[in-house]
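# A structural walkthrough
Here are the chains, one letter per residue:
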Amino acid sequence: MDLGTNRSRCVWMTVLGLMGLLGLAEAGCLEAGKCCKGRDLKCVSQGWRMDRKHGTCYCDQLCQSAMDCCYDYPQACPALSCVVGEWSHWSGCANQCTPTYRVRRREVLREPENGGEPCPYLEEKAGCLEYFTQQGIECGHIYMPAFITTFEYNSARRKRALSPDWASHTEDPGYCVEFQIESLSPACLTEDRPHARWMLYLREGYTVCVACQHPAMNIRNHRCYGDGSDANENQILHWQAVGNTRCYGSWRKVRQADKCSCPMVHNFIFT
């Protein structure tokens, strides 16, 4: 609809509104006391319609798409958009010891009415990998190549029961490895799910930082699998984004540091 048409429609609606206030317009939804959900052919009145025709008009939700609403439908049946609650906390990984996903959900507090905005997604999934069973037994380190995910997962990671092998040691503060990305699959560049948009910051030629922290560390050597510690200089290594099996690629190790110094969007973690 162009500007002229939109302006003309606004003027027409204003005129009809004034007619209603002055008692010059016939019936309508307000006078008939009607505002019906869904499609209801009995939800009818007489008067001016929104398409500028006079006669039978409707006060049900279908009238907006059919363009046969009574002139005062927007006032009698104001649009109410969907309202949802806050996201729940992330769940734990669906399975231990294998690359899988975690879930968070939110509930509908109010359904949309009268053409209001529909409800957004009510569930999100994100990749994760747990390295200990519920009994505290180490597992999950057999997977290659390096599995990575967003650094935000680090703060949401559940507290796990420590393996007996860790009990007598102070938790290792971890380290950071810088890599230069050599290649990546096209699926990384087309990811548009809200929880997985961090993959869009993976680009060929970029330097990224990947933190190795407990519990992703191997208990015996306090290192993360796939960190390139045993790699030769300029050796091509491989990585996989957890949460999208089609997002993967290769990189070269640049250096290891105590802390990550990359921009936040280029900070990731071994998982």
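Residues numbered from 1 in each chain as written. Predicted model: local features only at pLDDT ≥ 70, side-chain atom pairs only at ≥ 80, totals over all residues. Heavy atoms only, no water.

Per an unreviewed UniProt entry, the protein chain goes by the name SMB domain-containing protein and belongs to Staurois parvus.

## Quick look at the overall build of the protein chain
Put simply, the test is: The helix count covers DSSP runs of H or I at least four residues long, the strand count covers runs of E at least two residues long, and both are numbered beginning at the N terminus. For each residue, the accessible area found with a 1.4 Å probe, counting protein chains only, is set against the maximum for its type, and the residue is called buried under 20%, exposed over 50%, and partly exposed in between. The contact rule is simple, with two residues in contact once any of their heavy atoms fall within 4.5 Å. Accessible areas in this description were obtained via Shrake-Rupley with a 1.4 Å probe; residue shielding takes into account the shown protein chains only.
If you tally the helices and strands in the protein chain, you get six helices and twelve strands. For the protein chain, buried positions account for 39% of its 271 residues. In the protein chain, 67% of the contacts between residues at least 6 apart in sequence involve partners at least 24 apart. Within the structure as shown, the protein chain displays about 15,400 Å² of accessible surface, and the carbon and sulfur contribution to it stands at 52%.

## Points about the pattern of salt bridges
Two side chains that carry opposite charge are able to pair once their charged atoms sit near each other. Stated precisely, the cut-off is as follows: Salt bridge, as used here: a side-chain nitrogen of Lys or Arg that lies within 4 Å of a carboxyl oxygen of Asp or Glu.
Under the criterion given, the structure shown has seven salt bridges. Its salt-bridge partner being E123, residue R105 comes within 2.8 Å of it at the nearest N-O pair. Here the residue R105 occupies a position in strand β4 (residues 100-105), and E123 occupies one in strand β6 (residues 123-128), the gap between them amounting to 18 residues. The shortest N-O distance in the salt bridge between R223 and D227 comes to 2.9 Å.

## Some points on the state of the cysteines
Quick note on the threshold: Counting rule for disulfides: a pair of cysteine sulfur atoms within 2.5 Å.
Under the definition given, this model contains ten disulfides. Paired by a disulfide, C57 and C70 hold their sulfur atoms 2.0 Å apart. The S-S bond linking C57 to C70 shows a torsion near 85°; that makes this disulfide right-handed. Note that C57 is positioned in strand β2 (residues 54-58) and C70 in the loop between α3 (63-66) and α4 (73-76), a separation of 13 residues in sequence. Since its relative accessible area comes to 0%, C70 is described here as buried. The partner cysteine of C63 in its disulfide is C69, sulfur to sulfur 1.9 Å. Because the torsion about its S-S bond is 90°, the bridge between C63 and C69 counts as right-handed. Judged by its relative accessible area of 0%, C69 is buried.

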